[in-house]
Amino acid sequence: MFDSSILLSLVGLPLFGMILLFFIPDTNPDLQKTVGLSTSLLTFLLSLLLWLQFDMSTPKYQFVEKFFSVPYSNMHVYLGVDGISLFFVLLTTLLIPICLLASWDSIKIYIREYSIAFLFLEAVLICVFTCLDVLFFYIFFEAVLIPMFLIIGIWGSRERKIRASYQFFIYTLVGSVLMLLAILYIYQLTGTTDVQVLTTVTFDYDTQLILWLAFFASLAVKVPMVPAHIWLPEAHSEAPTAGSVILAGVLLKMGGYGFLRFSIPMFPDASVYFTPLVYTLSVIAIIYTSLTTLRQVDMKRIIAYSSVAHMGFVTIGMFTLNIQGIEGSMLLMLSHGVVSSALFLCVGVIYDRHKTRIIKYYSGLTVKMPLFSITFLFFILANMGFPGTSSFVSEFLVLVGSFKSNVFITVLAATGVVWGAGYSIWLFNRVAFGNIRTSHITAFQDLDRREFFVFVPCVFLTFLMGIYPEIFLNAMHVSITHLIEQVQ
Amino acid sequence: MDFLTFFGNDFKVVMPELYLFTACLFLLSYGVIFSTSKSLNYPIIQLNVGWLSIFSLGITLSLLISSPVVTMSVFNNLLIVDAFSTFSKILIVSSTLVCCLMSMSYLNNKKVNSFEYFILILLACLGMVCLVSTNDLLALYMSIELMSLSFYVLAAYKRSSEFSGEAGLKYFILGAFSSGLLLFGTSMIYGFTGLTNFEEISKVVTGINGVTDVVTYNGIIIGLLFVAVALLFKIGAAPFHMWAPDVYEGAPTPVTAFFSIVPKIAIMALLLRLFYSTFYDFASLWQPIFLYTGVLSMLIGSIGALYQKKIKRLMAYSGIANVGYMLIGFSAGTVESMSGLIIYLIIYVVMMVAFFSFVLGTQTEKDAKLNMHVSDLSNLGKVNPVLAMSVTFILFSMVGLPPFAGFFGKMYLFLAVMQSELYTVAIIGVLSSVVAAFYYIRIIKVMFFGTSNHYVTYKQMDKLNALVLSSSLFFLIFFFAYPTPFLLCAHKVSLGLLL
């Protein structure tokens, strides 16, 4: 019974919550927040059902159902998940309630609209990850811009937010219009935009190269890969905490997902051809952005640049085109989705209290905020790939995978772990250790209960992925093997 | 010979036009008689005439909708009535009706107090309705002049404003120039073929028995070039766009709304009829003209709008850019491109209606001023967040962001362009739409994030504009859910014209 309607309900539930929110008067902001949170929690529970009923033994798309069809064209849009998209859906539904809970007190204007924006974002993101049609993937991929632009622009923290939302918008738009043309070209060549059909089509070599580049223009901006990463630190540091969380946690993954779902299976020859390009850009991303991290004074920018470095690992892993590499990059995306989100939440915690993210105002927080410091330490360790945490397993898998295909790149990429340790420890050292500095900040308050509950699922998941990654890897194993078979 | 038997059933077919014409005359005499009546103390009957003309436009619309769709040429092949012309007429009359609705509050607040505004709008509408069903070069010239002359007067309608007078004069001089080009072009074609009727011309220039004589051939081409240039002038495409920003800025705002919505439909429909059906065999010749004009319009429209501070000038440039998109779709020259063009046209009209109903509907509390500068909107996000959000959605739709309707318009157009293998043009097109995104987003930025040193409050929007804004916004947001009727309509109409 659930099989047939679970994905549509996943999309529909947040939309239903949105409509409900329209009818709650502004005099009752608490009820608005509660409705938003409970809708997203229900969606999360429903998505767990997706995982429970997921059949791990088949690479086929599951829970497939018709979304809608467009007249006068061969477009019948289906929703469905396989091992690749399953966890992205789960990550989305997990992070949205965390976002709403994390910004419970810090959002003071347009509270209803805030919840509506996040619920809309959730519905669109679920569509992005489950839609089995290239054109509609594009449509939802772009539709994400609308709520995100408003979230950064309206609820962002400083004056620079305008510039940040501009950059975010324009960068993404420039890349993705080229993808739109590529999709229209594919449609013109094959008469369909259905992924299930397109993966069986073989494009000729030159066409593949052009199409791959057009897709790359869009996906590389989203990942982001190095020359196109400028929007990311801006957007991250100006967005509200929850905005950064969803940006780092899910939005960056749309790029990686796009590579795995479209670029690699549809244009396998071009993917092999362009592997050196991806490797080079990724290694530059790892080393260059890690070094850039060391010169930042804003904590959010540090984490943003470290995200770029981690996404460099992801793209390396993806284009090794072997099972360890791809599974490693999948796991790294999930792990990064949890860990860097949690780091942004940590920064959000102290930003809520003291309204600054500049490192030099903080020192010796361990003395007054022990609970916060231990949480922060945990995620800092997770960020640098400490054994026992999720990043260790995934970065290890990525390096194993890339060792098989290119030793030189592996060596360079492996230095990234050292850089990561460098800036992570450096950041934590400045903020948490040292003498307590009361010249700027005089009153301290440790994590309260709400914030504690925000961090619990992140800590749990980081441990779980670090100690027992099989439950995640098993579900994606068959799909990824199938993907690699398609390439070969 | 009896008058009625001479014209046969012709009058039955052109019933909507006849009705509109009669309504114009009737309303004119009604206005003249009553507004100069001394015994009634010279009443101000502007809104009265306004409602009556809206009423008569509504009846014209219902006559059009209920007219049996037959292909028939009337008045000795002077006019043709077919599915395409009926469709364009419905679009023209309904958007004119909406423009009248939108201008009611403006005329009321500004105390313009002369009823001729609506008469002129109706006459222009009559001209455009005839224009889309012309089947003869003479009828073309007559109806385009009826339309243009009404436009010149409308542009100069605000007598107290020197801008308006300037706009009217500029429009008149340049419009007369382009009419001259049109007349020259038609006379060339007539001189070399001896024909004025579209069907007969198309028979002469078509197929193996087509024009073999080099002189005749070149003569027709030169005539065609002049006709094309004149029409591009009227629609405001790029190398001939210079009048557009000045006229749009100077004309009273409801007239600007009218200019940027309705004539685009009429002239596009005329271009389609002329070049897709009559001169289709010259496709290799007219294709590059429209292609380059389209590309140039896109670029000039997008880049020119970047530095505009006034909303009306900005919309003028945005109109140029949009005409550019339409023209590159037009130049593809296939059934798909025509149906894509029609869908784009419908969506463009709705977007413009939505945006201008916003511009006409927001007035400052203090001096009832309309928003002239983009920076005047700087408090809107704080004062009226719902309105600001609606405008944001309209602008996102103009950017072409899915899932709003504007995206689908662009998508169908670019799909057609890709199918005709005009890849470079498609790339230039999407990139210029990114440039266009800059200035649309700038309006959003000003509304939500702008800072202003004085706190402007706005009057409540009047009911008519609110109605127009909300219904067009509903269309823009939910177009993606059920586009079938529009696609069906566009497809049938374009098949009807081309096959």
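Keep in mind that this is a model prediction, so the values were computed, not measured.

Asker: Explain the overall build of chain B to me, using residue names and the numbers behind them.
Answerer: Assigned secondary structure in chain B consists of 21 helices and 2 strands. In terms of overall size, chain B behaves like a compact globule, its C-alpha atoms giving a radius of gyration of 22 Å where 499 residues would be expected to give roughly 23 Å. Expressed as a percentage of the 499 residues in chain B, the buried residues total 57%. A separation of at least 24 residues holds for 80% of the contacts in chain B among residues at least 6 apart in sequence.

Asker: Lay out the overall build of chain A in plain terms, naming residues and giving numbers.
Answerer: Looking only at helices and strands, chain A features 21 helices and 2 strands. With 488 residues in all, chain A has 59% of them scored as buried.

Asker: Any chance you could break down the interface of chain A and chain B for me, citing the residues and the numbers?
Answerer: With 23 residues of chain A in contact, the opposing surface of chain B contributes 25 residues. Looking at the side of chain A that touches chain B, the elements that each hand over two or more residues are helix H5 (134-143), helix H6 (145-155) and helix H7 (161-190) of chain A. Sort the elements by how many residues they give to the side of chain A that touches chain B and H7 of chain A lands first, with 13 residues. Considering only residue class, the side of chain A that touches chain B consists of 20 nonpolar, 2 polar and 1 charged.

Asker: Could you give an account of the nonpolar core, naming the residues involved and the relevant values?
Answerer: Of all hydrophobic cores here, the largest spans 374 residues; its most connected members are Val128, Phe140, Val144 and Leu181 of chain A together with Leu122, Ala155 and Ala266 of chain B. Of all the elements, helix H15 (residues 335-361) of chain B adds the most residues to this core, at 20 residues. For Val144 of chain A, the residues in contact, after removing those within four places along its chain, are Leu121, Val124, Leu125, Val128 and Leu251 of chain A.

Asker: Tell me about the packing of helix H9 (residues 205-222) of chain A against helix H11 (residues 241-266) of chain A, and name the residues and values.
Answerer: Residues and elements named next belong to chain A. Orientation of H9 relative to H11, taken along the N-to-C sense of each, is 155°, at an axis distance of 7 Å. When the axis of H9 is compared with that of H11, the two are roughly antiparallel. Counted together, Trp212, Phe215, Phe216, Leu219, Ala220 and Lys222 of H9 and Leu252, Met254, Gly255, Gly258, Phe259, Phe262 and Ser263 of H11 form the full contact between these two elements. Among the residues making up the contact of H9 with H11, the classes are represented as 9 nonpolar, 3 polar and 1 charged.

Asker: Any details on helix H19 (residues 407-432) of chain A? Residues and values, ideally.
Answerer: With 26 residues, H19 of chain A should cover 38 Å at 1.5 Å per step; its first-to-last C-alpha distance of 38 Å lies within 8% of that length. Two residues or fewer past H19 of chain A, Gly434 of chain A is found with a positive phi of approximately 90°.

Asker: Give a description of the environment of Lys111 of chain B that names residues and reports values.
Answerer: Structurally, Lys111 of chain B is set in the loop between helix H5 (83-110) and helix H6 (116-131). As for Lys111 of chain B and Gln46 of chain B, which are separated by 65 residues in sequence, their C-alpha atoms are 9.4 Å apart.

Asker: Describe the confidence of the model for chain B, naming the residues involved and giving the relevant values.
Answerer: All names here are of chain B. Per-residue pLDDT for chain B has a mean of 89; in total, 96% of the residues score no lower than 70. Here helix H1 (residues 3-7) is the element of chain B with the lowest mean pLDDT, 67, and H6 is the one with the highest, 94. Model confidence for the complex is summarised by a pTM of 0.91, with the ipTM given as 0.87.

Thresholds applied
- Residues numbered from 1 in each chain as written.
- Chains lettered and ligands numbered in written order.
- Predicted model: local features only at pLDDT ≥ 70, side-chain atom pairs only at ≥ 80, totals over all residues.
- Helix = DSSP H or I, 4+ residues; strand = E, 2+ residues; numbered from the N terminus.
- Rg over C-alpha atoms; globule rule 2.2 N^0.38 Å.
- Buried ≥ 20, exposed ≤ 12 C-beta atoms within 10 Å, placed from the backbone.
- Contact = placed C-beta atoms within 7 Å.
- Nonpolar A, V, L, I, M, F, W, Y, C, P; charged D, E, K, R; others polar.
- Core = buried A, V, L, I, M, F, W, Y, C linked by C-beta atoms within 7 Å.
- Axes fitted to C-alpha atoms, helices over the stretch in contact; angles between N-to-C directions.
- Parallel < 35°, antiparallel > 145°, perpendicular 65-115°, else oblique.
- Expected span 1.5 Å × (residues − 1).
- pLDDT = per-residue confidence, 0-100.

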